[in-house]
Amino acid sequence: NNYLEKGKNDIIFVSPQQNLIRTVDLIEGMKKAYQDHQLPFDEATQVINTSTHYEESYTQFVEHFRNHKHDLVFASYDKEGVAVVNAAIDNNISVPDDMEVMAMMDTSYSLICRPSLSTIHLPIYDMGALAVRLLTKFLQDEEITSKEIAVQHMFIKRNSTND
């Protein structure tokens, strides 16, 4: 919403083929934000599926950025965010001045990236503990009152975004 409100509506979402998170929900959130701003969202061009292997996704984005530059690239994982940053820079696209990049997970990839990668911190340890607790309840035939549990997340602004 923040980007759309500033007139930056060329936003793409990068989703690796193997997903540990529900990217469908993230894509639906993007669609809703575009809808709220009366803007079209074209999933065929604004969602890019990529490999989980850095070498393959980097190569894919080197080719992509020869003909494309976006206001924002949002990657579902830091590793793919680093591939985007490196491929953009190798195509003379300045990050964050020409194109902003953010990702999710807040792994060491986000810190070793140059410029450092803005990311959404997800509490992976807590999520694992919740999963084990649910599995224990399931195995002990205890009642599970909710199949979905919200976890706290936090945006960590680093040098790959301006805002």
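Everything discussed here concerns the structure shown above.
These notes cover the structure that comes with them. Keep in mind that what you see is a predicted model, and the values were worked out from it rather than measured.

**Structural notes on the pattern of salt bridges**
Here's step 1: Evaluated as defined, the whole model comprises 7 salt bridges.
Here's step 2: Salt-bridge contacts for Lys32 lead to Asp36; the nearest nitrogen and oxygen are separated by 3.0 Å. One end of the pair, Lys32, and the other, Asp36, are both in helix H2 (residues 23-36), 4 residues apart, so they sit about a helical turn from each other.
Here's step 3: Among the charged side chains, a network of salt bridges with common partners joins Glu28, Lys31 and Glu43.

**Overview of the sheet that holds strand E5 (residues 118-121)**
Here's step 1: Pairing is mixed across the open sheet formed by 6 strands, whose spatial order is E2-E1-E3-E4-E5-E6. In this open sheet, the two strands that pair with only one neighbour each are strand E2 (47-50) and strand E6 (154-156). Strand-to-strand, the axes of this sheet are offset by a mean angle of 20°, without reference to chain direction.
Here's step 2: Both E5 and E6 contribute to a ladder of 3 bridges, which runs antiparallel. Bridge pairing links Ile120 to Phe155 in E6.

**Things to note about helix H5 (residues 78-90)**
Here's step 1: In this model H5 runs 18 Å from its N-terminal to its C-terminal C-alpha over 13 residues, within 8% of the 18 Å that 1.5 Å per residue would give.
Here's step 2: Residues of H5 that are buried: Asp78, Glu80, Gly81, Val82, Ala83, Val84, Val85, Ala87 and Ala88.

**Thoughts on unusual backbone geometry**
Here's step 1: Cis geometry marks the peptide bond from Val95 to Pro96, where omega comes out at 10°.
Here's step 2: Following the sequence through the fold, Pro96 ends up in the loop between H5 and strand E4 (100-105).
Here's step 3: Arg114 connects to Pro115 through a cis peptide bond whose omega is 5°.
Here's step 4: Residue position: Pro115 is located in the loop between helix H6 (108-112) and E5.
Here's step 5: Look at Gln38: it is not a glycine, yet its phi comes out positive at around 55°.
Here's step 6: Its place among the elements puts Gln38 in the loop between H2 and helix H3 (43-46).
Here's step 7: Of note, the phi angle at Asp106 is positive, near 60°, even though the residue is not glycine.
Here's step 8: Within the secondary structure, Asp106 sits in the loop between E4 and H6.

Rules and cut-offs
Residues numbered from 1 in each chain as written. Predicted model: local features only at pLDDT ≥ 70, side-chain atom pairs only at ≥ 80, totals over all residues. Heavy atoms only, no water. Salt bridge = Lys/Arg side-chain N within 4 Å of Asp/Glu carboxyl O. Helix = DSSP H or I, 4+ residues; strand = E, 2+ residues; numbered from the N terminus. Pairing = 2+ DSSP bridges. Axes fitted to C-alpha atoms, helices over the stretch in contact; angles between N-to-C directions. Expected span 1.5 Å × (residues − 1). Buried < 20%, exposed > 50% of the residue type's maximum accessible area, 1.4 Å probe, protein only.

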